[in-house]
Amino acid sequence: MTKKNGFDLRREKKMKIIEEATLELLNQRDISNITMDEIAKRAGVSKVTLFNYYNTKDNLINTALQNSFASIHEEYERLIESDLSFEQTYMELTQYKMKEIQSTTSIFFHNVMQQFASEQTFFDKDAQETSDRLVLRLFQKGRKEGKINPAYSDEVLLMFMHIFTEGLKSQAINSDNLIKYSPQFTQMIMNGLR
């Protein structure tokens, strides 16, 4: 592993501040009403810096969201690899997701879904494959414990999760109801996998 020089460390720190400012704004207002000027002001950097680092507003938003999701992904990995049982792991994952959802506004959820639905590069094939591998590791844990019906192939389980994820992108889904009914959805999924 190569040691980072001071310039690289300062750049990374500045990018982290910019991305946090972007996420804060996405939590407050519709994505179409957020400007690069506003992001620069909130982050305490010049607009030129934003364009040097990210080129476009879409790229900045995508990067901020993807890096945020990467840290969430790391927590999911930690939970899946823990000594918790499958059901405990699933419940912990669900509770973690709910905390994340509760710390965001419905505007943020709407912005993410809007970006996810409209930006082709937002969630690329590699990201989907990484997510799928993580889901399969969780399901393998469940199979080892006899909590998932062995007749359900990996392909069927992934298709089920993709259908569920696609449904969440619907504009008809209210994020408040998603939080409210999460325990029931979790129970339905747990019962359906047996």
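Keep in mind the model is a prediction, meaning the values are calculated, not measured.

Caption draft 1: Spotlight on the pattern of salt bridges. Scanning the model with the defined rule gives nine salt bridges in all. As a salt-bridge pair, E87 and R194 come within 2.8 Å of each other at their nearest N and O atoms. Here E87, found in helix 5 (residues 86–102), pairs with R194, found in the segment after helix 10 (182–193); they are 107 residues apart in sequence, far enough to count as distant. Judged by relative accessible area, which is 26%, E87 ranks as partly exposed. D154 serves as the salt-bridge partner of R143, at 2.7 Å between the closest nitrogen and oxygen. Within this pair, whereas R143 is found in helix 7 (residues 125–144), its partner D154 is found in helix 8 (residues 154–168), the two being separated by eleven residues in sequence. Overall, R143 belongs to the partly exposed group, its relative accessible area being 25%.

Caption draft 2: View of the environment of V135. Mapped onto the fold, V135 is located in helix 7. Sequence separation of V135 and M161 is 26 residues, and the distance between their C-alpha atoms is 8.4 Å. Setting aside chain neighbours within four positions, we find V135 in contact with L158 and M161.

Caption draft 3: Examining the layout of surface pockets more closely. If you add up the space inside the second largest pocket, you get close to 230 Å³. Residue lining of the second largest pocket: E12, K13, M15, K16, E19, E20, L23, A64, N67, S68 and S71, and that is the complete set. Of all the secondary-structure elements, those providing two or more residues to the lining of the second largest pocket are helix 1 (6–26) and helix 4 (57–80). Take the lining of the second largest pocket: its biggest share by element is seven residues, from helix 1. Tallied by class, residues from the lining of the second largest pocket come to three nonpolar, three polar and five charged.

Definitions and limits used
Residues numbered from 1 in each chain as written. Predicted model: local features only at pLDDT ≥ 70, side-chain atom pairs only at ≥ 80, totals over all residues. Heavy atoms only, no water. Salt bridge = Lys/Arg side-chain N within 4 Å of Asp/Glu carboxyl O. Helix = DSSP H or I, 4+ residues; strand = E, 2+ residues; numbered from the N terminus. Buried < 20%, exposed > 50% of the residue type's maximum accessible area, 1.4 Å probe, protein only. Contact = heavy atoms within 4.5 Å. 1 Å grid on protein atoms, 1.4 Å probe; cavity = no way out; pocket = protein on both sides within 12 Å on 5 of 7 lines; lining within 4 Å. Points joined across faces, edges and corners; volume = space filled by probe spheres on them. Nonpolar A, V, L, I, M, F, W, Y, C, P; charged D, E, K, R; others polar.

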